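Here are the chains, one letter per residue:
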Amino acid sequence: MFSFSYRFIVNIPALEQMNQILHILFIFLPFLWALGTLPPPDAFFLWAMEQVLEFGLGGSPMSTHLRLLIMFIISAGTAVTSYFIPSTVGVVLFMTGLGFLLSLNLSEMVFVFKHSMTGHRIGTKSNALLSGSEKQFTWKECLFYFIILVLALLEASLLHHFAGFSQISRNSPQAIVGYILMILLVILWILREIQSVYIFGIIRNPFYPKDVQIVTAFLEKQTSLMKIGVVRRILLTLVSPFALIAFLSLDSSLQGLHSMSISIGFTRAFRMVWQNTESALLETVTVSVVHLLIFGTDSWWARSLDTGIRLLLVGIMRDRLIQFVSKLRFAVTVLLTSWMEKKRRKSTTTLCILNIIFSPFVLLFIVFSTLLSSPLFPLFTLPIFLVGFPRPIQSWPGVVGTAACVCTDTVYYYQMVPSLAAALQSAMAAGSLGLLLPGSHFLGRFQDRLIWIIILERGYTYCCINIKGLELQETSCHTAEARRVDEVFESAFQQEEYARGYSLNEHFGNILTPYTVLPVKLYSDARSVLSGIIDSHENLKEFKDDFVKVLVWLLVQYCSKKPSKENVHKTENKERASLIIPPAMNTSSQPQSPEGTDSLNSETFDDWSDNIFDDEETIKKGKEKDQLKVFPGTNLPIPGLVESQRFGGYSAGTVPENSLYEAVTLGYPVIDKGKQEGLSYIPLMEFGCSHSYLLSLPEEWGSNCLPNSKIKAMSSLFPEDWYRFVLHQLECFHSEEKSSNILEEIANDKVLQDFYVHTVMTCYFCLFGIDNVTPSPGHILRVYNSVLPWSIALDWLTEKTELFQLALKAFRYTVKLMIDKASLGPIEDFTELINYLHEYETDWYIGLVSDEKWKEAVLQDKPYLFSLGYDLNMGVYTGRVLTLQELLVHIGKLNAEAVRGQWANLSWELLYATNDDEERYSIQAQPLLLRNLTVQAADPPLGYPIYSSKPLHIHLY
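In this text the structure is predicted, and so the values were computed from the model without any measurement.

Student: What should I look at first to understand the pattern of salt bridges in this one?
Tutor: It is possible for side chains bearing opposite charge to pair when their charged atoms get close. Throughout the structure, instances matching the rule amount to 21 salt bridges. One salt bridge in this structure joins Lys-468 and Asp-939, with 2.5 Å as the shortest N-O distance. Of this pair, Lys-468 sits in strand S7 (residues 462-469) while Asp-939 sits in the loop between helix H31 (931-937) and strand S16 (947-948); the two residues are 471 residues apart in sequence, bridging distant segments of the chain. Of the two residues, Lys-468 and Asp-939, both sit in the buried class. Glu-852 serves as the salt-bridge partner of Lys-855, at 3.7 Å between the closest nitrogen and oxygen.

Here's what the structure looks like:
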């Protein structure tokens with residue numbers, strides 16, 4: 001039995017040949033794996049599905065693996081189903097309708113439809129789930145697609161049924177449509193090339209604006225180009241698809257039903273009409289021209305192939321030709337780079353000579369890589385070329401946008417992506433970014449930001465992209481390549497008006513070709529040196545007085561806006577007087593504090609080092625033994641607490657929290673325990689105005705950590721005229737009485753003023769001390785960074801979170817005010833100062849870059865942000881200002897094969913060669929190849945972009 005089976009197998013020539021081939025192939029499998037040519041199973045199957053879907057079924061590579069699998073199954077089912085339809089009209093209608101529907105972004109339309117239906121039940125909460133691109137689907141878009149589908153079905157069925165079929169000739173209806181398609185192709189090509197700065201990437205476009213540094217000037221000059229873009233959009237979206245359907249519907253090959261070649265070929269052709277109209281137009285024109293040239297000859301092309309298969313073959317050749325040219329340019333660039341780099345010239349000279357001698361073998365590698373549609377990668381980015389394993393367009397496993405090395409700079413990319421996506425929508429629709437094919441890579445540049453854009457998917461009136469943001473830190477490799485990117489863009493976009501319109505691209509050898517600029521709303525980053533401002537004795541001398549004014553303004557604003565418990569109680573009975581103990585009104589003789597007056601001097605700050613670079617936290621000497629703290633509602637005999645007195649029938653320990661007669665002992669020194677029984681009755685003082693409670697400070701902000709004598713000594717610094725002016729500016733009173741009279745009464749209330757004086761002066765002491773000493777620049781920087789000097793009131797202030805934040809905000813506002821006064825001139829009156837502070841409150845965020853609120857301000861599109869810092873290298877104080885405005889971002893197209901080749905080398909080096917050296921050669925700077933930036937843009941863990949967006953769907957209409 002075994003011998004019979006053996007004789008049966010060996011007698012089949014095909015199996016014998018396959019057996020021999022596999023024996024040879026199995027020997028080389030380990031070598032293919034070591035060289036990185038043997039694909040992993042998941043990459044191979046995804047690549048195979050993409051190739052069949054794109055070239056066999058007319059689809060597009062998809063943004064996710066799940067979408068790819070679903071689209072592959074549906075598209076294959078469409079081709080199989082068309083084979084069993086008996087009617088030719090039915091086949092045409094089926095292919096036209098399914099081709100149109102499958103080319104739409106159906107998943108996003110279903111997603112938006114689903115949330116729009118559930119939105120009626122859950123309110124507006126569902127709207128927050130939709131991104132900006134997803135919200136663009138409305139009933140108008142659905143109606144537009146429905147009308148296009150109906151017109152396409154009518155056109156295809158009518159032409160196929162009534163026009164009749166005849167062999168193509170120079171006067172046949174199909175040939176006439178072919179002439180129209182040729183004209184459309186030429187017009188669309190011209191209109192597309194006019195939109196970008198270079199024609200063919202070599203000759204500068206004379207119609208493109210020469211100098212594009214100012215947004216308004218550029219938009220004015222680009223108006224005519226945008227009108228041309230509208231014409232191109234209409235021709236590409238509405239005219240070309242119907243012309244292509246007419247060409248296909250009139251083809252005589254559709255008469256031969258029940259042929260798998262016709263089903264596959266025409267399913268792809270009718271799908272390509274919508275999926276990628278520009279490529280379908282080029283393929284159809286090529287087939288039409290070739291057929292007219294060989295008309296009347298008995299050639300294999302005309303005799304054995306139908307139109308659908310011809311279009312399929314032309315599509316494969318078009319794609320492989322583009323890949324071959326790109327790979328050849330990449331190989332030449334690697335050779336030039338190896339020769340031009342002086343550090344590596346000696347070691348690579350031999351390799352360059354060998355590449356020239358064995359150039360036919362190098363071309364063979366390029367051709368083999370092109371046929372497999374796999375990356376050609378230079379080993380360690382040296383001129384040693386190998387063929388990488390076939391992989392899908394995404395290049396990396398996993399879901400797009402789920403991995404990024406998030407850091408503090410990531411927020412700037414988060415902020416700019418919505419505006420960038422809107423700008424990309426206009427540019428892509430107008431044709432400013434050239435031919436949009438899945439797998440294309442673009443690089444954007446603005447100041448220190450580098451934006452990497454990848455096209456993942458392309459369909460009818462939409463494009464799916466992924467946006468990555470590269471790091472902003474200035475490493476040597478990063479800076480060298482970023483400088484080259486700036487040079488490439490500057491030579492293209494910053495030319496004088498008298499420059500020749502037909503100048504050539506000086507950086508044609510780069511893998512980066514400039515295309516256009518996009519107006520994007522983002523933050524510009526300006527850094528300035530504050531020497532002569534922050535270290536000026538005059539500015540520092542005024543700093544303390546300005547701080548007190550700013551803090552008074554912030555406290556009044558805070559109290560006028562906050563809802564307090566006192567407000568609720570006062571609305572019940574407005575006639576009742578507010579009774580409270582004023583902190584600085586006790587005039588009776590009292591024993592002095594154990595520390596004494598002389599203890600509150602500059603010596604309390606000895607442990608707070610003047611070294612601004614000290615990383616340690618401020619050291620506290622210890623809590624004061626006699627520091628008085630108030631614990632309401634407590635019956636324990638705490639020293640200094642008045643608990644033996646009774647107010648309104650309640651003991652001090654049992655007074656209700658909502659009682660207006662609650663005793664708050666503020667500013668009193670510690671009383672010995674033995675003398676507590678002899679404490680005299682403390683009279684309650686009432687506000688001078690019944691409306692003062694509206695601006696009353698919280699009770700817990702009352703301080704008893706400073707003696708009254710110190711408060712009185714420091715109260716002379718309190719600006720009463722400014723305090724009264726701030727109160728008169730309030731607009732929070734709505735009463736039958738005149739608001740001006742109410743504000744005047746509140747301003748004359750000395751009790752309320754004393755509370756403000758006490759709180760402000762205590763904060764003043766915490767931040768500056770009691771001595772009248774001009775603060776140093778190091779002191780300003782430390783306090784700005786929330787590092788306060790130690791004092792006996794530090795614990796009290798830090799425990800009051802809201803007051804501490806207000807004091808810190810006032811200090812930072814004062815720093816910004818000092819810089820503005822030095823830059824713009826002195827402040828003339830209180831009204832101008834109020835305007836400055838209102839602007840800081842509404843339009844600015846003044847703080848630290850590391851704060852969470854800084855990130856929140858960026859995401860909320862705060863117009864301005866300011867931060868104070870110190871440059872260790874230069875030894876100077878610096879200011880950083882972020883300004884939100886519409887600015888121009890330079891966009892260029894990268895050689896896609898160069899990117900895929902360098903990514904394949906990175907994958908091989910780290911996964912196959914296991915080279916984990918941090919200073920490996922393949923990530924060193926190379927301006928021609930942009931090697932370091934390309935490695936950064938790879939997905940983690942091999943690369944390290946700091947931002948990666950989810951797939952963004954851009955509408956191209």
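Picking up where we left off.
Student: Explain helix H7 (residues 139-162) to me, please; I cannot follow it from the model alone.
Tutor: At 3.6 residues per turn, the α-helix brings residues three or four places apart onto the same side. In this model H7 runs 34 Å from its N-terminal to its C-terminal C-alpha over 24 residues, within 8% of the 34 Å that 1.5 Å per residue would give. Three or more residues of H7 are buried, namely Glu-141, Tyr-145, Ile-148, Leu-149, Ala-152, Ala-156, Ser-157 and His-160.

Student: Would you mind showing me how to read the packing of helix H15 (residues 342-357) against helix H16 (residues 359-372) here?
Tutor: When two helices pack together, their arrangement is captured by the angle between the axes and the distance separating the axes. The geometry of H15 relative to H16 is characterised by a closest axis approach of 5 Å and an angle of 80 degrees between their N-to-C directions. Between H15 and H16, the interaxial angle falls into the category roughly perpendicular. Where H15 approaches H16, its residues Asn-355, Ile-356 and Ile-357 are matched on the opposing element by Ser-359, Pro-360 and Val-362.

Student: I would appreciate a short explanation of unusual backbone geometry in the present structure.
Tutor: Excluding glycine, most residues fall at negative phi; most peptide bonds, likewise, are trans. Residue Pro-940 is joined to Pro-941 through a cis peptide bond whose omega torsion reads 10 degrees. Note that Pro-941 resides in the loop between H31 and S16. Of note in the backbone geometry, Phe-200 takes a positive phi value of approximately 60 degrees without being a glycine. Within the secondary structure, Phe-200 sits in the loop between strand S1 (198-199) and strand S2 (203-204). With phi around 50 degrees, Leu-930 is a residue other than glycine that occupies positive phi space. By the element assignment, Leu-930 lies in the loop between helix H30 (896-912) and H31.

Student: I'm lost on the nonpolar core in this one. Help?
Tutor: A general tendency of soluble globular proteins is for nonpolar side chains to be buried together. Among the nonpolar cores identified, the biggest contains 78 residues, and Tyr-756 and Phe-811 are the most heavily contacted of them. Here Phe-811 is in contact with Phe-543, Phe-547, Leu-767, Phe-768, Ile-780, Val-783 and Tyr-784, once residues within four sequence places are set aside. Formed by 48 residues, the second largest nonpolar core is a distinct cluster that contains Val-215, Ala-331, Leu-450 and Leu-894.

Student: Is there a simple way to think about the side chain of Ser-82 in this case?
Tutor: Looking at the element boundaries, Ser-82 is found in helix H4 (residues 65-83). With residues near it in sequence (within four places) discarded, Ser-82 still touches Val-91, Phe-94, Met-95, Ser-263 and Thr-267.

Student: Teacher, can you tell me more about the pairing of strand S5 (residues 441-446) here?
Tutor: Two faces, one strand: in a regular strand the side chains alternate between the faces of the sheet. Among the six residues that make up S5, six are buried, leaving the element largely enclosed by the rest of the structure. Side chains His-441, Leu-443 and Arg-445 of S5 all project onto a buried face; the interleaved residues Phe-442, Gly-444 and Phe-446 project onto the opposite face, where all are buried too. Pairing between S5 and strand S6 (residues 449-459): six bridges, direction antiparallel. Counterpart to Leu-443 in the pairing with S6 is Trp-452. As paired elements, S5 and strand S15 (residues 876-894) share five bridges and run antiparallel to each other. The residue bridging Leu-443 from the neighbouring strand is Gly-892, located in S15.

Student: What is the right way to look at the packing of aromatic side chains in this model?
Tutor: Enumeration according to the criterion identifies 42 aromatic pairs in this entry. Here Tyr-836 and Tyr-840 contribute two aromatic rings whose centre-to-centre distance is 6.3 Å and whose plane-to-plane angle is 50 degrees, an arrangement assigned as tilted. Remark: Tyr-840 and Tyr-836 occur in helix H28 (residues 830-843); sequence separation between them is four residues, near one turn of the helix. For Tyr-840, a relative accessible area of 1% gives the class buried. One aromatic cluster in this structure is built from Phe-100, Phe-144, Tyr-145, Phe-242, Trp-274 and Tyr-460. Geometry around Phe-866 places Lys-816 over its ring, the cationic atom sitting 5.9 Å from the centre.

Student: Would you take a moment to explain the environment of Ala-43 for this structure?
Tutor: Inspection of the secondary structure puts Ala-43 in helix H3 (residues 41-56). Among the residues examined, Ala-43 registers a relative accessible area of 10% and is labelled buried. Residues Ala-43 and Pro-397, spaced 354 residues apart in sequence, show a C-alpha to C-alpha distance of 8.0 Å. Discounting residues that sit within four places of it in the chain, Ala-43 has contacts with Phe-389, Pro-390, Arg-391 and Pro-392.

Student: I tried to follow empty space enclosed by the protein on my own but got confused; where do I start?
Tutor: With a probe scaled to a water molecule rolled over the atoms, the places where space remains empty come into view. Overall, the coordinates contain eight cavities of 30 Å³ or more when judged by the stated rule. Volume-wise, the largest cavity comes out at about 150 Å³. In this structure, the largest cavity is lined by 17 residues; those nearest its centre are Leu-236, Thr-237, Arg-458, Thr-461 and Leu-956. Elements with a contribution of two residues or more to the lining of the largest cavity: helix H10 (223-249), helix H11 (260-275), helix H12 (277-293), helix H17 (410-430) and S6. No other element matches H10, which puts four residues into the lining of the largest cavity. For the lining of the largest cavity, the per-class residue count stands at seven nonpolar, six polar and four charged.

Student: Help me out: how do you make sense of a nonpolar patch on the surface in this one?
Tutor: A surface patch of nonpolar side chains, about 940 Å² in accessible area, is lined by Trp-139, Leu-143, Phe-146, Ile-147, Val-150, Leu-151, Leu-154, Leu-158 and Phe-162. Structurally, Val-150 can be placed in helix H7.

Reading the values: the criteria
Residues numbered from 1 in each chain as written. Predicted model: local features only at pLDDT ≥ 70, side-chain atom pairs only at ≥ 80, totals over all residues. Heavy atoms only, no water. Salt bridge = Lys/Arg side-chain N within 4 Å of Asp/Glu carboxyl O. Helix = DSSP H or I, 4+ residues; strand = E, 2+ residues; numbered from the N terminus. Buried < 20%, exposed > 50% of the residue type's maximum accessible area, 1.4 Å probe, protein only. Expected span 1.5 Å × (residues − 1). Axes fitted to C-alpha atoms, helices over the stretch in contact; angles between N-to-C directions. Parallel < 35°, antiparallel > 145°, perpendicular 65-115°, else oblique. Contact = heavy atoms within 4.5 Å. Core = buried A, V, L, I, M, F, W, Y, C linked by side-chain atoms within 4.5 Å. Pairing = 2+ DSSP bridges. Phe/Tyr/Trp six-rings, centres within 6.5 Å; stacked < 30°, edge-to-face > 60°. Lys NZ or Arg CZ within 6 Å of the ring centre and 35° of its normal. 1 Å grid on protein atoms, 1.4 Å probe; cavity = no way out; pocket = protein on both sides within 12 Å on 5 of 7 lines; lining within 4 Å. Points joined across faces, edges and corners; volume = space filled by probe spheres on them. Nonpolar A, V, L, I, M, F, W, Y, C, P; charged D, E, K, R; others polar. Patch = residues over 30% accessible without salt bridge, like charges linked within 9 Å, V, L, I, M, F, W, Y side chains within 5 Å. Areas by Shrake-Rupley, 256 points an atom, 1.4 Å probe, with all protein chains shown as cover.

Remember that the coordinates give geometry; whether it matters functionally is a separate question.
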